[in-house]
Amino acid sequence: MHRKYVGIGALLLLLGVAIGAFGAHALEKVLGVHASTYETGVHYHMIHAIGIILIALAAGQWGESAKLKWAARLMVIGIVLFSGSLYVLSITGIKTLGAITPFGGAAFIVGWLLLALEAFNNKK
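Conventions used here
- Residues numbered from 1 in each chain as written.
- Predicted model: local features only at pLDDT ≥ 70, side-chain atom pairs only at ≥ 80, totals over all residues.
- Heavy atoms only, no water.
- Helix = DSSP H or I, 4+ residues; strand = E, 2+ residues; numbered from the N terminus.
- Expected span 1.5 Å × (residues − 1).
- Bend = angle between axes of the 7 residues up to and from the residue.
- Core = buried A, V, L, I, M, F, W, Y, C linked by side-chain atoms within 4.5 Å.
- Buried < 20%, exposed > 50% of the residue type's maximum accessible area, 1.4 Å probe, protein only.
- Axes fitted to C-alpha atoms, helices over the stretch in contact; angles between N-to-C directions.
- Parallel < 35°, antiparallel > 145°, perpendicular 65-115°, else oblique.
- Left-handed = near helix turned anticlockwise from the far one by under 90°.
- Contact = heavy atoms within 4.5 Å.
- Nonpolar A, V, L, I, M, F, W, Y, C, P; charged D, E, K, R; others polar.

Caption draft 1: Spatial organisation of helix H4 (residues 66-92). Between the first and last C-alpha of H4 there are 38 Å, a value that for 27 residues agrees with the 39 Å anticipated at 1.5 Å per step. Of all the bends in H4, the largest measures some 25 degrees and sits at Gly 84.

Caption draft 2: Geometry of the nonpolar core. In this structure, Ile 52, Ile 55 and Ile 79 are the most contacted members of the largest nonpolar core, which totals 22 residues. Top element by residues in this core is H4. It accounts for 8 residues. Listed in part, the 6 residues of the second largest apolar core include Leu 27, Leu 31, Tyr 38 and Tyr 87.

Caption draft 3: Structural context of the packing of helix H3 (residues 35-62) against helix H5 (residues 101-121). In the contact formed by H3 and H5, the axes pass within 11 Å of each other and the chain directions differ by 25 degrees. Between H3 and H5, the crossing angle belongs to the class labelled roughly parallel. Every pair of crossing elements has a handedness; the one defined by H3 and H5 is left-handed. Taking contact as the criterion, the partners of Tyr 44, His 48, Gly 51, Ile 55, Ala 58 and Trp 62 in H3 are, on H5, Phe 108, Trp 112, Leu 115, Glu 118 and Ala 119. The residue inventory of the contact of H3 with H5, partitioned by class, reads 8 nonpolar, 2 polar and 1 charged.

Shown next, in the form of structure tokens:
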């Protein structure tokens, strides 16, 4: 599990950097008033990709567990739903996509909660 999610986290960080750079340079005129929304998506994308790597490293130290697997999965889901919806909303202006964003935020929250629970319950 830990090697897999370190790789996924690293690829998501790579993607976050590329998406951020693309938005800052190629989409500058397209984003207009939605630039800060796009930047928020990139910010959360990057933080939670690092979170995935932290979870994977914890799994390497503490051993794999269902909580850690779900924490990592929920971070990935959160990036797709939260950041992805903000990216698309920023580029297209379709405000109804904002209804998806809280589901990604909830995935982030539950992912961090699972990591915390595993940390407090781990006896190794």
